Each structure stands twice: as C-alpha cells, then as structure tokens.
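Structure at a glance
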Amino acid sequence: MTAIAESGTAPRLATRPPSDNRRRVRKYTADQVPIGSVLLRMFTGLVVVVVFLLPYLIMFFGSVKTKAEIRSVDPTYFPTEWHWENYVTMWSTPETPLAQNVISTLVISLCATLLVLAVALPAAYYTARFRFRGRLVFLFLVIVTQMIQPAVLTSGLFREFIAIGIIDTWAAMILVNAAFNLSFAVWIMHSFFAAIPKEVDEAAQIDGAGTFAVLTKINLPLVWPGIVTAVIFTFVASWNEFAASLVLLSTPGNQPLSVALTKFVGQYETSWHYVFGVSIVAIVPVIILFMAIEKRLVGGLMAGSVK
C-alpha cells in the first residue's frame, strides 16, 4: 500500500481483448479431396451397386410377370402388368408343398448351425490354448475335410443313413451340413482364440474363474467376430445345399428350397415366374440374418477388456 501511495499510480488490471464476434472461417488445407475425385468415387460406387443388384432386380421383375410375358419373343425388363398374385399362388402349386419346404430349410439350417457352434467352440478353444500330442495333425485333418464336397460322398452317405435308419429325415441333413461346415468353423474360431493373450485367461483364473467361466465370460466376448463369421458361413452353406439333399431326401415336404426350386423346371415347360418368386423368398431369411447379426459383429470388435 505504501509503494502504491508513493508512486501515485494504481495497478493496471488485466483486460481482455475485444471479442471478435465474426464467425471464424475454416481454412481448408491442400489435402482437401477434389470435387472430381469425389464424383468419380460416387460414380464407381453406383456402378458397383447396379452390377450387384441387377440380377436381383431382374428376378423381381420376372416374378410379377405372367408366364406368357416372360416367354414372349420381344421380352421387356419391366412388366406390362404387375401380377402380385404370383406370390400367393406359388404356395399352392401342385409341383411341391412350398410352405413345408421353407420350414424344412429353416429347421435344417438352424439346427446345423447350432450343432456346429456347440462342437466348434470348445474344439477351437482347446486347440488354441493347450498343446497336446498330435495337435498339428488334428488341425491338418480338420482343414482337409473342407476340401471334400458332399456330392462326392452322397452314395456312401445314402447307404450309411439307410443302415442307421435316418434316411429321408431332417436329422440326416442336419448331420451332413454340420459335418461339412465344422472344419471351417473350427479353423476360423481357432485363429481368433489364438490371438487372445494367455494373460487374460491367467488373470481370470487368479480371480477364481474355472475353465468354463473363462471360455464363456472372458473369451467369447472377445471372439464375437469369429463366431459371427462361422454362423453366417454355416447358415448360408446349409441354406443353399443342394446335392446331398437331392439324394438323401425323397419326400417332397422334407426337401429344402434348393431342391423344391427345381420342381418348377419341367421337361417341356418351366414356370419361370414361380422360379423367380421362390428365389426372392429364399433370399429374404439370409438378408434378415445379416441385418440381425451386423450389430453383434460391430459390437464384438469393441467388446472385452483386460483386468
């Protein structure tokens, strides 16, 4: 206070510079994407979308045409009249019980997928976490089975299922689809389990978790992308399987959609509007599966943490 009185001057207070109310203009740097490059990428993406969607659009337009219009000498892409009743009448055609074929396909595909997961999960976890004699030989034999197609073994499977007593049943096709998709599921999930550090399991075991708890509560959230990949591959492969179903299933109601679709193709005449309609119906469950499982796939990439 004395120093201030002697100097006769008051201390200067810090003042803020006058605020600039003008909106700041963002300055774009030299790495800004040129408009020509953006348009080129958009055009390329549009071409790719059209190329992939065009076959499905042609099937859809064909499914709402009449048989005569499809077989006309001067065909058109778009129908002159939209016959939506084709999607109703195809369920009551004499060629095949289409509703039973859909149920058969769903049961076989879902049960085969669940069976593959029940066997592949512990097998992939054990081969990735433990070292045992013959481990590499076992993994080699697993991948070798992926090279064998069901069509090659249909005659042997036919005789085997007759001896067992499950020929012409859903159980036969569930076992076939599960067996031929098991090797891929084991290999894909084995790679995901092997990528998890062993310290994660050791930390959980120190906290008192058993082997089953380590697998279900610690490892499974970390390998969701691998599980989703195995589920999609197994379900789609089982849904589209044709050769073994054609040989092993003789009852029309037990046959899947892939075999039922051929019933509309005759020796002298083909009901193409029903072929296209059934094909569209067969695509819908696969699209629903992808939509339902997409969140799990993205969430699995971010799931889990190390304590």
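Every value quoted in this text rests on a predicted model; they were computed, and no experiment measured them.

Structural notes on the overall build of the protein
- When helices and strands are tallied, the protein shows 14 helices and zero strands.
- Secondary structure elements of the protein occur, N-terminal to C-terminal, as α-α-α-α-α-α-α-α-α-α-α-α-α-α.
- A burial count over the protein gives 34% of its 307 residues as buried.
- Partitioning the intrachain contacts of the protein with sequence separation of at least 6 by distance along the chain shows that 73% fall at a separation of at least 24.

Description of the environment of Phe235
- Here Phe235 lies in helix 11 (residues 224-240).
- Its relative accessible area of 6% is what places Phe235 among the buried residues.
- When the C-alpha atoms of Phe235 and Leu110 are compared, they prove to be 6.8 Å apart, with 125 residues separating the residues in sequence.
- Ignoring anything within four residues of it in the chain, the contact list for Phe235 reads Ser109, Leu110, Thr113 and Leu289.

Some details on the pattern of salt bridges
- Applying the stated rule across the entire model yields two salt bridges.
- Between Glu269 and Lys67 there is a salt bridge; the shortest N-O distance is 3.1 Å. With Glu269 in the loop between helix 13 (257-260) and helix 14 (272-302) and Lys67 in helix 3 (residues 67-70), the pair connects residues that are 202 residues apart, well separated along the chain.
- Classification of Lys67 by relative accessible area gives partly exposed; the value is 28%.
- Here Asp201 and Arg129 are joined by a salt bridge, their closest N and O atoms 2.6 Å apart. In this pair, Asp201 is assigned in helix 9 (residues 198-206) and Arg129 in helix 5 (residues 98-129), connecting sequence segments 72 residues apart. The same class applies to Asp201 as to Arg129, namely buried.

A word on the side chain of Asp168
- Tracing the backbone shows Asp168 in the loop between helix 7 (154-164) and helix 8 (170-195).
- Nearest to the buried, unbridged Asp168 among oppositely charged side chains is Lys263, at 10 Å.
- Here the side chain of Asp168 touches Ser250 through a polar contact of 3.0 Å, landing on its backbone nitrogen.
- Of the polar contacts made by the side chain of Asp168, one reaches the side chain of Thr251; its length is 2.5 Å.

Structural notes on the packing of helix 6 (residues 135-145) against helix 8
- Where helix 6 meets helix 8, the closest approach of the two axes is 8 Å, and the angle between their N-to-C directions is 130°. As far as their axial angle goes, helix 8 and helix 6 are oblique. With respect to the hand of their crossing, helix 6 and helix 8 are arranged in left-handed fashion. In this structure, helix 6 contributes Arg135, Leu139, Val142, Ile143 and Thr145 to the contact, and helix 8 contributes Ser183, Val186, Trp187 and His190.
- Residues that form the contact of helix 6 with helix 8 fall into these classes: five nonpolar, three polar and one charged.

Parameters and conventions
Each chain has its residues counted from 1, following the order in which its sequence is written. Selection of residues for local features in this predicted model requires a pLDDT of at least 70, selection of side-chain atom pairs for listing and counting requires 80 or more, and totals for whole chains, interfaces and linings are taken over all residues. The side-chain quantities take in all heavy atoms of the structure and omit both hydrogens and water. Put simply, DSSP marks the helices as runs of H or I at least four residues long and the strands as runs of E at least two long, and each gets a number from the N terminus on. Relative accessibility thresholds used throughout: buried, under 20% of the residue-type maximum; exposed, over 50%; partly exposed, between the two (1.4 Å probe, protein chains only). Only heavy atoms matter for contacts: two residues are in contact if any of them lie within 4.5 Å across the pair. By definition, a salt bridge exists where a carboxyl oxygen of Asp or Glu is found within 4 Å of a side-chain nitrogen of Lys or Arg. Positive charge is attributed to Lys and Arg, negative charge to Asp and Glu, and no charge count is given to His or to the chain ends. What qualifies as a polar contact is a pair of N or O atoms within 3.5 Å, subject to a donor-acceptor requirement within protein and to the restriction that residues adjacent in sequence count only when both atoms come from side chains. Every axis in this analysis is a line fitted to C-alpha atoms, fitted for helices over the stretch in contact. Angles between the N-to-C directions lie between 0 and 180 degrees. For classification purposes, angles smaller than 35 degrees are called roughly parallel, those larger than 145 roughly antiparallel, those between 65 and 115 roughly perpendicular, and all remaining angles oblique. It is the rotation of the near helix from the far one that decides the hand of a crossing: anticlockwise by less than a right angle makes it left-handed, clockwise makes it right-handed. When residue character is reported, Ala, Val, Leu, Ile, Met, Phe, Trp, Tyr, Cys and Pro are called nonpolar, Asp, Glu, Lys and Arg charged, and the others, Gly included, polar.

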